[in-house]
Amino acid sequence: MARFFGAVGFAVQDENAAPGVWIEKMIEKPYYGDVIRISRRLQNGADKVNKDLTVNNSISILADAFANENFSMMRYVEWMGAFWEVVEVSVERPRLVLTLGGKWNGELADRTSESP
């Protein structure tokens, strides 16, 4: 079993300049844990020239109160120099087991400012 330390991205709701208008804002929190499953899969697509890489890895993190309350908002994990989509979260207190899928192509947290 390999050790893990990395950022987990959460999509939190943030009130926009206009009252009552909410937008999704990405924030990151660092977590420690273990990589409990390492695998990869290539997927063919009828409309694609190249195959998609999906990792299907599982990372077990030691969850804090924020992660336990907001696990449904987890969107990505930074691991092995890339950002991977969180496709499933399993609650196994005091840990959360994150199953990773393909590369994350969505918005990333702004690392130049402080997170809440």
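Here is a short report on the structure shown in this document. (Residues numbered from 1 in each chain as written. Predicted model: local features only at pLDDT ≥ 70, side-chain atom pairs only at ≥ 80, totals over all residues. Heavy atoms only, no water.)

As for the environment of W79
Of note, W79 is situated in strand β6 (residues 74-79). On the accessibility criterion, W79 (13% relative accessible area) is buried. With 71 residues separating them along the chain, W79 and V8 place their C-alpha atoms 9.4 Å apart. (Helix = DSSP H or I, 4+ residues; strand = E, 2+ residues; numbered from the N terminus. Buried < 20%, exposed > 50% of the residue type's maximum accessible area, 1.4 Å probe, protein only.)

Section: unusual backbone geometry
Note that the residue after R93, namely P94, is joined by a cis bond; omega there is 10 degrees. Positionally, P94 belongs in the loop between β7 (82-92) and β8 (95-103). At N56, a residue that is not glycine, the phi angle is positive and equals roughly 55 degrees. Overall, the relative accessible area of 18% leaves N56 in the buried class. If you check the backbone angles, M80 has positive phi at about 55 degrees while not being a glycine. By the element assignment, M80 lies in the loop between β6 and β7.

Concerning the pairing of strand β2 (residues 22-37)
Here 14 bridges tie strand β1 (residues 2-15) to β2, and the two strands are oriented antiparallel to one another. Bridge pairing links Q13 to E24 in β2. The turn joining β1 and β2, which pair antiparallel and follow one another in sequence, is formed by six residues; a positive phi near 85 degrees is taken by G20. Here β2 pairs with strand β5 (residues 58-62) via four bridges, running antiparallel. Bridge assignment links V35 to a residue of β5, and that residue is I59. (Pairing = 2+ DSSP bridges.)

Focus on the pairing of β1
As paired strands, β1 and β6 are joined by three bridges and run antiparallel to one another. Along β6, the bridge assignment pairs G9 with Y76.

Some remarks on the pattern of salt bridges
By the definition in use, this model includes five salt bridges. Residues R111 and E28 are paired through a salt bridge, measuring 2.9 Å at the closest nitrogen-oxygen approach. Placement of R111 in the segment after β8 and of E28 in strand β2 is noted, with a sequence separation of 83 residues between them. For R111, a relative accessible area of 52% puts it in the exposed group. The salt bridge involving R95 is made with D34; its shortest N-O contact spans 3.7 Å. (Salt bridge = Lys/Arg side-chain N within 4 Å of Asp/Glu carboxyl O.)

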